[in-house]
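Fold and geometry: a report
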Amino acid sequence: MKKNELMQYSCPLGKAMSALGSKWKPIIVLVIKDRKLRFGELAVRINVISRKVLTDQLREMEADGLVIREEFKEIPPRVEYSLTEKGLALLPILYQLEEWETKYHVYDPEKEKDCKTILENKNNKKAVV
């Protein structure tokens, strides 16, 4: 079912999942947290996502009322992203999902990478998630 089809139903869970339905949106929310980040900072902190996909996801999140895009009329242009009240309300839910996964998942280091490893930037600086 496509996002547009899901939005036509009055099911709260369906609407919530359409707003957060990609694998990147919850990660973006957790990376932004309660601060303002520029696009380049987001791209470095989530270096496994392409810039095009990051742009698309941020646009969808803005349309869904999860992020605020603040554009500054400077040279060079500067854009900062922050979470709306609706986006900030997701943080406790996402933290609970992390706890749930930690409690019930059996970690196999031969098959999986640690989340912190995935979110490392190219200079081997740990991303703050």
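Predicted, not measured: the structure shown is a model, and the values here were computed from it. (Residues numbered from 1 in each chain as written. Predicted model: local features only at pLDDT ≥ 70, side-chain atom pairs only at ≥ 80, totals over all residues. Heavy atoms only, no water.)

So, on to the overall build of the protein. Counting its secondary structure elements, the protein contains 8 helices and 3 strands. Listed N to C, the secondary structure of the protein is α-α-α-β-α-α-β-β-α-α-α in terms of helices and strands. A buried classification covers 32% of the 129 residues belonging to the protein. Looking at the protein alone, contacts between residues at least 24 apart form 50% of all its contacts between residues at least 6 apart. Carbon together with sulfur atoms contributes 56% to the accessible area of the protein, which is approximately 9100 Å² in total. (Helix = DSSP H or I, 4+ residues; strand = E, 2+ residues; numbered from the N terminus. Buried < 20%, exposed > 50% of the residue type's maximum accessible area, 1.4 Å probe, protein only. Contact = heavy atoms within 4.5 Å. Areas by Shrake-Rupley, 256 points an atom, 1.4 Å probe, with all protein chains shown as cover.)

Turning to the pairing of strand β3 (residues 78-83), a few remarks are in order. If a strand is regular, its side chains alternate between the two faces of the sheet. The buried fraction of β3 amounts to 6 of the 6 residues, a majority that puts the element mostly inside the structure. Judged by which residues are buried, β3 turns out to be covered on both faces: Arg78, Glu80 and Ser82 on one side and Val79, Tyr81 and Leu83 on the other are all buried. As defined by bridge partners, strand β1 (residues 37-38) adjoins β3 across 2 bridges and the pair is classed as antiparallel. The residue of β3 that forms the bridge with Arg38 is Glu80. Bridge count between strand β2 (residues 67-72) and β3: 6 bridges; the pairing is antiparallel. Residue pairing for β3: Ile68 is matched across the bridge by Ser82. Where β2 hands over to β3, the hairpin turn is made up of 5 residues, counted between the paired strands. (Pairing = 2+ DSSP bridges.)

Attention now goes to the nonpolar core. Formed by 25 residues in total, the largest nonpolar core has its most connected members in Ile28, Val29, Ile32, Leu42, Leu54, Leu58 and Tyr81. Examining the composition of this core, we find that 6 residues originate from one element, helix α3 (residues 24-32), more than from any other. With residues near it in sequence (within four places) discarded, Val29 still touches Met61, Leu83, Gly87, Leu90, Leu91 and Leu94. (Core = buried A, V, L, I, M, F, W, Y, C linked by side-chain atoms within 4.5 Å.)

Between the first and last C-alpha of helix α5 (residues 51-63) there are 18 Å, a value that for 13 residues agrees with the 18 Å anticipated at 1.5 Å per step. At its buried positions, α5 is contacted by α3, α4 (39-45), β2 and β3. The first or second residue beyond α5 is Gly65, which carries a positive phi of 80°. (Expected span 1.5 Å × (residues − 1).)

Quick look at the pattern of salt bridges now. Two side chains carrying opposite charge are able to pair once their charged atoms lie near each other. Scanning the model with the defined rule gives 7 salt bridges in all. Among the salt bridges present, the one from Lys25 reaches Glu60, with a minimum N-O distance of 2.7 Å. On the criterion of sequence distance, the pair formed by Lys25 in helix α3 and Glu60 in helix α5 is long-range, its members being 35 residues apart. The class of Lys25 is buried, set by a relative accessible area of 1%. Look at Glu60 and you get partly exposed, because its relative accessible area is 32%. Here Glu80 and Arg78 are joined by a salt bridge, their closest N and O atoms 2.9 Å apart. Just as Glu80 is buried, Arg78 falls in that class too. (Salt bridge = Lys/Arg side-chain N within 4 Å of Asp/Glu carboxyl O.)

Below, the discussion takes up the packing of α3 against helix α7 (residues 90-104). The N-to-C vectors of α3 and α7 enclose an angle of 110°; their axes lie 10 Å apart at closest approach. The angle between α3 and α7 places the two elements in the roughly perpendicular class. Pair α3 / α7 crosses with left-handed handedness. Residues Pro26, Val29 and Leu30 of α3 form the contact with α7, whose participating residues are Leu90, Leu91, Leu94, Tyr95 and Glu98. A class-by-class count of the residues in the contact of α3 with α7 yields 7 nonpolar, no polar and 1 charged. (Axes fitted to C-alpha atoms, helices over the stretch in contact; angles between N-to-C directions. Parallel < 35°, antiparallel > 145°, perpendicular 65-115°, else oblique. Left-handed = near helix turned anticlockwise from the far one by under 90°. Nonpolar A, V, L, I, M, F, W, Y, C, P; charged D, E, K, R; others polar.)

The quantities given are spatial measurements derived from coordinates; they are silent on function.
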